[in-house]
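# Notes for the structure review
Here is what each chain is made of, one letter per residue.
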Amino acid sequence: MNVIILAAGYATRLYPLTLDQAKPLLKVAGKPIIEWVLDNLANVPELGTIYIVTNDKFANDFQAWADSYQHRQPRNDRGSRSLSESELRFKIINDGSKSDDDKFGAIGDINFVVTRENLGKSDLLIVAGDNLFSESLTGFVEYAKKTEATVAVYDVGDLEKIKNYGNITIDSHGVITHFEEKPGKPQSTLAAIALYYYSPEIISLVTTYLAAGNSPDQPGRFVQWLYTRKPVKTFQIKGKWLDIGSKETLEEADKIFAKLGN
């Protein structure tokens, strides 16, 4: 199973913090957001390559970070990395966009990586590079691998707060029955978050979705299109989840994850 980390956005809502630094490289509790994401993936078995898709503006920064991150991993007495660490393979993918005006969008970037790297025959775990989880993602992957498509959900517990997210309802089997981005009248407090598992059959439908002229932005829009065509299962994330979309959320995350690190 390969992994795509979405990191090609320009995070204009966080300017000036993200004017010269990609959002996933901003630090939370002393380390870049993307490293927290990798920590959540550390115990997931049988990971293939982790593809980090970014833009032309920040591609060199991500490559420098990846080189540094791998160099910092613990080594054994012989000077080589442990087996688990050596299996963590990164590839930085530059989508070629140079500004928010010519960006591919998250779904466009997924299609770009799948096509360029010929990933259509493997299962894919897709996660946004600005998502923070306090719990490991092993449970999500273990559940999702038994399905064709699974999206992570989180109960925000507030009918006003859910209006900022993709809102879903599910049946007794955890299959999505309704999906609406940023609803005016939400039907539940369950948010679909940017953590997805797709089988090769589902990945092949990304091209179909884009060819029909659908929006290439916001990865949840593909789920919104998909659930009316295929059963999409859900897995509820426990612990803390934060989507870093504002300076206030970044500050909140810093406080929460500083405590978790102690």
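Check the entry above for the structure.
Cut-offs and rules
Residues numbered from 1 in each chain as written. Predicted model: local features only at pLDDT ≥ 70, side-chain atom pairs only at ≥ 80, totals over all residues. Heavy atoms only, no water. Salt bridge = Lys/Arg side-chain N within 4 Å of Asp/Glu carboxyl O. Helix = DSSP H or I, 4+ residues; strand = E, 2+ residues; numbered from the N terminus. Buried < 20%, exposed > 50% of the residue type's maximum accessible area, 1.4 Å probe, protein only. 1 Å grid on protein atoms, 1.4 Å probe; cavity = no way out; pocket = protein on both sides within 12 Å on 5 of 7 lines; lining within 4 Å. Points joined across faces, edges and corners; volume = space filled by probe spheres on them. Nonpolar A, V, L, I, M, F, W, Y, C, P; charged D, E, K, R; others polar. Axes fitted to C-alpha atoms, helices over the stretch in contact; angles between N-to-C directions. Parallel < 35°, antiparallel > 145°, perpendicular 65-115°, else oblique. Left-handed = near helix turned anticlockwise from the far one by under 90°. Contact = heavy atoms within 4.5 Å. Phe/Tyr/Trp six-rings, centres within 6.5 Å; stacked < 30°, edge-to-face > 60°. Lys NZ or Arg CZ within 6 Å of the ring centre and 35° of its normal.

### Observations regarding the pattern of salt bridges
Counted by the stated rule, this structure contains 10 salt bridges. Across the salt bridge formed by Asp56 and Lys98, the nearest N and O atoms sit 2.7 Å from each other. One end of the pair, Asp56, is in the loop between β4 (49-54) and α2 (59-71); the other, Lys98, is in the loop between β5 (89-94) and α4 (106-116), with 42 residues separating them in the sequence. Put simply, Lys163 and Glu160 hold a salt bridge, and the shortest N to O gap is 3.0 Å. For Lys163, a relative accessible area of 27% gives the class partly exposed. Since its relative accessible area comes to 53%, Glu160 is described here as exposed.

### Here we look at the layout of surface pockets
Approximately 1,200 Å³ is the volume found for the largest pocket. The wall of the largest pocket is formed by 41 residues, among which Arg13, Lys23, Asp130, Gln218 and Asp243 lie closest to the centre. Only α4, β10 (176-181), β11 (190-198) and β13 (241-243) provide two or more residues apiece to the lining of the largest pocket. Broken down by element, the lining of the largest pocket gets its largest block of residues, 4 residues, from β11. Classifying every residue of the lining of the largest pocket by side-chain character gives 18 nonpolar, 12 polar and 11 charged.

### A word on the packing of α4 against helix α6 (residues 200-211)
Between α4 and α6, the least distance of the axes is 10 Å, while the angle of their chain directions is 125 degrees. Classed by the angle they form, the pair α4 and α6 counts as oblique. Every pair of crossing elements has a handedness; the one defined by α4 and α6 is left-handed. Two secondary-structure elements touch here, α4 through Ile107, Gly108, Asn111 and Val114 and α6 through Ile203, Val206, Thr207, Tyr209 and Leu210. Tallied by class, residues from the contact of α4 with α6 come to 6 nonpolar, 3 polar and no charged.

### Things to note about the packing of aromatic side chains
Using the criterion set out here, one finds 14 aromatic pairs in the structure. An angle of 65 degrees between the planes, with centres 5.1 Å apart, marks the rings of Trp36 and Phe257 as edge-to-face. Taken as a pair, Trp36 in helix α1 (residues 33-41) and Phe257 in helix α8 (residues 247-261) lie far apart in primary sequence, 221 residues in all. Residue Trp36 is classed as buried on the basis of its relative accessible area of 12%. Its relative accessible area of 1% is what places Phe257 among the buried residues. Taking 5.9 Å as the distance between ring centres and 80 degrees as the angle between the ring planes, the aromatic pair formed by Phe140 and Phe235 counts as edge-to-face. With Phe140 in helix α5 (residues 138-144) and Phe235 in strand β12 (residues 233-236), this residue pair connects regions lying 95 residues apart in the sequence. Counting every residue linked through ring pairs, the aromatic cluster contains Tyr196, Tyr198, Tyr209, Phe222 and Trp225. For the cation-ring pair, Lys31 lies above Trp36, with the distance from its terminal atom to the ring centre recorded as 4.1 Å.

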